[in-house]
Amino acid sequence: MNSLYSAIIKINELLFTCHDFQTSNQIFCLFLLQKCYKKLYKAENTPGTLNFFKTILHRTDVNGKVKGRFKPHYELLMAVGEGLVKEQFIEFFNMDNESSKPEHHFLTNLEDDGHSEEEKRDILYKILSEFINKYGYGMVEAFIVDGKLAIKQILEPISTEPDELYNYSLQLCHWYLQLLELSDTAKEGDMNRLILNCKYNLPFFYSHSKLSKYLVENIDFVLKCEYLLSPLQRTRVLKGSFVNIHGGKGRNVESDLVQEHSVCNQKSLIKTLGANKSEKAILRVTSAADTFANICSKFDESVHLKPKSGRHSKPINEQDQNVIYKQVRKLRPFQHTPGRKLKGFTNIKAMPLAEPDLQEFHARLNQIILRLARSLSVSVDEDEEVIDEIDDNLPEL
């Protein structure tokens, strides 16, 4: 009986740990954005870099330090990333500009009226597959070899002298699409993509540090959802990762972000109590913190009162997008030019995880999996910066 009771307690602790992991979804997005800027943002104002686009767009609120300034850094990366992916398609289809006619050997078949809708769809899939393989967007393919997890990299090799601007732009596109995927998954509340996103996160976290604690947490989450939890508990964990507080399609947010806003509202009310506040008074005032915050925000909207802000910022608009497009078209970053240099980014790789690092990457993943399966501690970087307080500049709900 005692052994049965101990087993139940152990399972409950395990399930609690897995449920607690979902409170890190928004933190993962923040951490990825932070490491993206740490790798791709430097003081050199070299054409084609994030700092260059920040300068020409006059984004004075972007300084490379994401903590506390999530929104302006995220918007700049999204704008530049969108412009670069657009440039990839223009280069891929041999177009002079966005209005010119695309050229591709598969497109000639689409003009034939003899093709059925299914045949045309297959042709379009072939074109998309060729585009993905060319730029390495199918870079991670997880499969099992001899009972161990393996990662396959799919990228057309370029055997000539490296082009640093090409490599920088391509790697920025990978960071951009991964962050965009995380954001879209949250908005749609798509629990089917949640585990897949965790797998795709692994090369990005590993490229930052072999001892990244977020690398371990991603693997831990995947193992628990795929192999440990019951189907019902797995569904509860995945569905509990997102919540829709406004209603409507595509308006979900991460559950942990809602909790962060709630904590922020509670802290602001506790401060108003002043000194010598009792525990009972704290419980009374914080029980309706979210309602108070909602009433205040609605009142401010009704009287057209804008929230105070110490930073001058404006959202990315269509004019900014056109500026980015013109600059990217002028640079032609995806027209591979052997020997082209990029000041401040010497020997930068085209992908977050380079081909020579794959063997060590596989070994590290299998080491983590083996230790987690045996409930053993995994060595991580204790000095790694943790984003656990984002009260000053929370992403909007």
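Residues numbered from 1 in each chain as written. Predicted model: local features only at pLDDT ≥ 70, side-chain atom pairs only at ≥ 80, totals over all residues. Heavy atoms only, no water.

Some remarks on helix 9 (residues 213-228)
Residues Lys213, Tyr214, Leu215, Val216, Asn218, Ile219, Asp220, Phe221, Val222, Lys224 and Cys225 constitute the buried set of helix 9. One side-chain oxygen of the residue at the start of helix 9 lies 3.3 Å from the amide nitrogen of Tyr214, identifying that residue as Ser212. (Buried < 20%, exposed > 50% of the residue type's maximum accessible area, 1.4 Å probe, protein only. Helix = DSSP H or I, 4+ residues; strand = E, 2+ residues; numbered from the N terminus. Polar contact = N/O pair within 3.5 Å; in protein donor to acceptor, adjacent residues only side chain to side chain.)

As for the packing of aromatic side chains
Taken as a whole, this structure holds 17 aromatic pairs when the rule is applied. An angle of 40 degrees between the planes, with centres 6.1 Å apart, marks the rings of Phe131 and Tyr137 as tilted. Residue Phe131 shares its accessibility class with Tyr137, and that shared class is buried. Aromatic side chains Tyr206 and Phe361 sit 4.9 Å apart centroid to centroid with 50 degrees between the ring planes, which places their arrangement in the tilted category. Of this pair, Tyr206 sits in helix 8 (residues 194-208) while Phe361 is found in helix 15 (residues 358-373), placing the two residues 155 residues apart along the sequence. For Phe361, a relative accessible area of 0% gives the class buried. (Phe/Tyr/Trp six-rings, centres within 6.5 Å; stacked < 30°, edge-to-face > 60°.)

As for the packing of helix 4 (residues 70-92) against helix 7 (residues 164-188)
Two elements in contact, helix 4 and helix 7, have axes separated by 9 Å at closest approach and are oriented at 120 degrees. It follows that helix 4 is oblique to helix 7 by the angle criterion. In the packing of helix 4 onto helix 7, the handedness of the crossing is left-handed. Counting all contacts with helix 4, which are made through Tyr74, Leu77, Met78, Val80, Gly81, Glu82, Leu84, Val85 and Gln88, the residues of helix 7 involved are Ser169, Leu170, Leu172, Cys173, Tyr176, Leu179, Leu180 and Ser183. When its residues are assigned to classes, the contact of helix 4 with helix 7 shows 12 nonpolar, 4 polar and 1 charged. (Axes fitted to C-alpha atoms, helices over the stretch in contact; angles between N-to-C directions. Parallel < 35°, antiparallel > 145°, perpendicular 65-115°, else oblique. Left-handed = near helix turned anticlockwise from the far one by under 90°. Contact = heavy atoms within 4.5 Å. Nonpolar A, V, L, I, M, F, W, Y, C, P; charged D, E, K, R; others polar.)

Considerations on the environment of Gln321
Locating Gln321 in the fold gives a position in helix 14 (residues 318-331). On a C-alpha basis, the gap between Gln321 and Ala79 in space is 6.6 Å, while along the polypeptide they are 242 residues apart. With residues up to four places along the chain from it excluded, the contact list for Gln321 reads Ala79, Glu82 and Ile316.

Digging into the nonpolar core
The biggest cluster of nonpolar side chains holds 69 residues, and the ones touching the most others in it are Tyr37, Leu50 and Leu77. Considering every element that reaches this core, the biggest residue donor is helix 4, with 11 residues. With residues near it in sequence (within four places) discarded, Tyr37 still touches Leu50, Val62, Gly64, Val66, His73, Leu76 and Leu77. The next biggest cluster of nonpolar side chains, apart from the first, holds 11 residues, and it includes Cys198, Cys225, Val237 and Leu238. (Core = buried A, V, L, I, M, F, W, Y, C linked by side-chain atoms within 4.5 Å.)

As for a nonpolar patch on the surface
Taken together, Phe299, Val303 and Leu305 make up a surface patch of nonpolar side chains, about 300 Å² in accessible area. In this fold, Val303 is placed in the loop between helix 13 (289-302) and helix 14. (Patch = residues over 30% accessible without salt bridge, like charges linked within 9 Å, V, L, I, M, F, W, Y side chains within 5 Å. Areas by Shrake-Rupley, 256 points an atom, 1.4 Å probe, with all protein chains shown as cover. Salt bridge = Lys/Arg side-chain N within 4 Å of Asp/Glu carboxyl O.)

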